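# Breakdown of the fold
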Amino acid sequence: MSENKELSFEEALEQLESTVSSLEEGDVPLEKALHMYQEGMKLSSLCHDKLKKVEKQMDVIIEENGEIKPLTIDGEDASE
């Protein structure tokens with residue numbers, strides 16, 4: 001999976017979609033399908049981790065005075 005750490009979110013998602021498509025076709029030998037599934041799970045985890053990181057960054061905004069507060073949308077806490 002270390003090689004996947006270098007992928008951007010978009011690259012990982014594209015590879016994941018390709019893997020899922022190949023597996024859905026069902027023309028993959030069982031052992032290769034198992035390997036593809038494992039790689040797909042790694043890609044899925046990578047995408048999830050990248051999304052969580054961005055989500056945390058978006059949860060915080062810096063006001064003009066430098067104070068950090070949770071991001072709110074329409075007066076509601078966005079983390080809810």
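Computed from a predicted model, the values in this text were never measured in an experiment.

Further remarks concern the confidence of the model for the chain. On average, residues of the chain carry a pLDDT of 82, and 69% of them reach 70 or more. Per-element averaging of pLDDT across the chain places strand β4 (residues 76–77) at the bottom with 56 and helix α1 (residues 9–25) at the top with 95.

For α1, with 17 residues, the first-to-last C-alpha span of 24 Å sits near the 24 Å given by 1.5 Å per residue. Residues Ala12, Leu16 and Thr19 constitute the buried set of α1. For α1, the buried positions fall inside an angular range of 65° around the axis, keeping them on one side. Among the exposed residues of α1, those oriented more than 90 degrees off its buried face are Glu10, Glu14, Glu24 and Glu25. Buried residues along α1 sit in contact with α2 (30–58). Directly beyond the C-terminal end of α1, a positive phi value near 80° is found at Gly26.

Moving on: the packing of α1 against α2. Relative orientation of the contacting elements α1 and α2 amounts to 150°, with a least axis distance of 9 Å. One way to sum up the angle between α1 and α2 is to call them roughly antiparallel. Considering how the two elements wind past one another, α1 and α2 form a crossing that is left-handed. Together, Phe9, Ala12, Leu13, Gln15, Leu16, Thr19, Ser22 and Leu23 of α1 and Ala33, Met36, Tyr37, Gly40, Leu43, Ser44, Leu46, Cys47, Lys50 and Leu51 of α2 make up the contact between the two elements. Considered class by class, the residues forming the contact of α1 with α2 number twelve nonpolar, five polar and one charged.

Right, let's talk about the nonpolar core for a bit. In this structure, Leu7, Ala12, Leu16, Leu43, Leu46 and Cys47 together form the largest nonpolar core, which totals six residues. Of all elements in the fold, only α1 and α2 reach the threshold of two or more residues within this core. The residues contacting Ala12, other than those within four sequence positions of it, are Leu7, Leu43, Leu46 and Cys47.

So, about a negative patch on the surface. Together, Glu10, Glu11, Glu14 and Glu17 make up a negatively charged patch on the protein surface. Within the fold, Glu14 resides in helix α1. On the basis of relative accessibility, which here comes to 58%, the residue Glu14 falls in the exposed class.

What follows covers the environment of Glu10. Turning to its location among the elements, Glu10 is positioned in helix α1. Remark: the alpha-carbon pair of Glu10 and Cys47, spanning 37 residues in sequence, is separated by 8.5 Å.

Conventions and cut-offs
Residues numbered from 1 in each chain as written. Predicted model: local features only at pLDDT ≥ 70, side-chain atom pairs only at ≥ 80, totals over all residues. Heavy atoms only, no water. pLDDT = per-residue confidence, 0-100. Helix = DSSP H or I, 4+ residues; strand = E, 2+ residues; numbered from the N terminus. Expected span 1.5 Å × (residues − 1). Buried < 20%, exposed > 50% of the residue type's maximum accessible area, 1.4 Å probe, protein only. Arc of directions from axis to C-beta. Contact = heavy atoms within 4.5 Å. Axes fitted to C-alpha atoms, helices over the stretch in contact; angles between N-to-C directions. Parallel < 35°, antiparallel > 145°, perpendicular 65-115°, else oblique. Left-handed = near helix turned anticlockwise from the far one by under 90°. Nonpolar A, V, L, I, M, F, W, Y, C, P; charged D, E, K, R; others polar. Core = buried A, V, L, I, M, F, W, Y, C linked by side-chain atoms within 4.5 Å. Patch = residues over 30% accessible without salt bridge, like charges linked within 9 Å, V, L, I, M, F, W, Y side chains within 5 Å. Areas by Shrake-Rupley, 256 points an atom, 1.4 Å probe, with all protein chains shown as cover. Salt bridge = Lys/Arg side-chain N within 4 Å of Asp/Glu carboxyl O. Lys, Arg positive; Asp, Glu negative; His and termini not counted. Charge placed at Lys NZ, Arg CZ, Asp CG, Glu CD.

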